Amino acid sequence: MHFERQFKTAAAAALLACGVTLPAAQAQAAADYGALNAAIVEDYVLPRYAAFADAAAVLESELRKACSDELLERGEAAAAYNDAMDAWMAVQHLRFGPSELFLRSERIEFWPDKRGVVGRHLAQMLGAKDPTALEPETFANGSVAVQGFPALERLMFVSEAATWATPFGCALTVAIGRNLNTIAAGLLADWQGGEIHYADVIRGAAAGNARYFDAKEAALEFAKALRGAVLLVQDYKLGRPLGDKPESARDTRAESWRSGRSLRNVLVNLQAAQALYEAGGDHSLSALARAHPQGSELDSAIRAALARLIVAVEAEPDSLVAALKAPGGWQRLDAIRVEARQLLELMGGPLS
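Now for a look at the structure at hand. Remember, it's a predicted structure, so these values are computed and weren't measured experimentally. (Residues numbered from 1 in each chain as written. Predicted model: local features only at pLDDT ≥ 70, side-chain atom pairs only at ≥ 80, totals over all residues. Heavy atoms only, no water.)

Okay, the packing of aromatic side chains next. For any pair of aromatic rings, the description consists of the separation of the ring centres together with the inter-plane angle of the planes. Tallied over the entire structure, the rule returns nine aromatic pairs. Here the aromatic rings of Phe52 and Trp88 are separated by 5.6 Å at their centres, their planes lie at 40°, and the arrangement is tilted. In this pair, Phe52 is assigned in helix 2 (residues 22-66) and Trp88 in helix 3 (residues 75-89), connecting sequence segments 36 residues apart. This pair shows no difference in class: Phe52 is buried, exactly as Trp88 is. Measuring from ring centre to ring centre gives 5.0 Å for Tyr81 and Phe157, while their planes differ by 55°; the resulting arrangement is tilted. On the criterion of sequence distance, the pair formed by Tyr81 in helix 3 and Phe157 in helix 7 (residues 149-157) is long-range, its members being 76 residues apart. For Tyr81, a relative accessible area of 1% translates into the label buried. Taken together, the aromatic side chains of Tyr49, Phe96, Trp191, Tyr198, Tyr212 and Phe222 make up a single cluster linked through ring pairs. (Phe/Tyr/Trp six-rings, centres within 6.5 Å; stacked < 30°, edge-to-face > 60°. Helix = DSSP H or I, 4+ residues; strand = E, 2+ residues; numbered from the N terminus. Buried < 20%, exposed > 50% of the residue type's maximum accessible area, 1.4 Å probe, protein only.)

Shown next as structure tokens:
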């Protein structure tokens, strides 16, 4: 933050040396970035967090129904799980503000789990069968590895789940659903009101506040989130399971592979990135790019790359495991990874 303020002071001095009146230049910049921030918050952020909160509430309700006889019966709960995961994938890349508080992102989805922590901690909890561990406050302050979607996925979709479909296993499943519902509701509440009211923090950045020096610094959060969504796809969601060659592929490194939706996650991530880039219409990141010299070409390249990536992933099954087993599957997924890497270069170079 201190370095950025020094940089902005130097930039202001350069503007003065060129004969640009600083107040007018600052006012124009603040108006442009302020409009972008307000538009993205209203058109993109709030609706998506509201959708996540709604989906998490339905998920908890369906899990309670599924465990009504203390023996897990997936039924409608599986559909609710997928809807909630879709809603989470649409905001997964927004790693700032309320999502940073209380380890919310990690508690929603402890992934990648490079050391198998989820499996170990889940097995320990199932073995101990301690009902006090499932009390809301105790559970929320316990291991992050068992609080969210990865643990719930194991309980609902792993073939050995029948051994966990016990009264305590069902109670644990409901506890995870309740916890996800609480976190999702808290995220929306912090964006919409209360002491934090992060939407107002973003909107008020033009005047400067405790979080942001100016509107441009706040807008940087959205630019970072845009790039972060594509980086997640390229590096983690495709890079880790694919490896460097077909022989080194490890499909169990993929996100959500147990529920057969690894590439569905990728698709929702890319659709969310595309929506973020275009959110706000005349005040979007896309419009901001077009406003600069040669920006129309850059904007067209980014739009085209996002569209190609989405079409390519839509052509694959939801399951990365199934996609890898298909003839030429690794090569097709690797081509998607390469395209994502090239898009990152555009975002990390010319766009920035």
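This part covers the packing of helix 10 (residues 215-242) against helix 11 (residues 262-278). Where helix 10 meets helix 11, the closest approach of the two axes is 9 Å, and the angle between their N-to-C directions is 160°. Of the possible angle classes, the one that applies to helix 10 and helix 11 is roughly antiparallel. With respect to the hand of their crossing, helix 10 and helix 11 are arranged in left-handed fashion. From helix 10, Phe222, Ala225, Leu226, Ala229, Val230, Val233, Lys237 and Leu238 reach across to helix 11, where they touch Leu263, Asn265, Val266, Asn269, Leu270, Ala273, Leu276 and Tyr277. A breakdown of the residues in the contact of helix 10 with helix 11 according to their chemical character gives 13 nonpolar, two polar and one charged. (Axes fitted to C-alpha atoms, helices over the stretch in contact; angles between N-to-C directions. Parallel < 35°, antiparallel > 145°, perpendicular 65-115°, else oblique. Left-handed = near helix turned anticlockwise from the far one by under 90°. Contact = heavy atoms within 4.5 Å. Nonpolar A, V, L, I, M, F, W, Y, C, P; charged D, E, K, R; others polar.)

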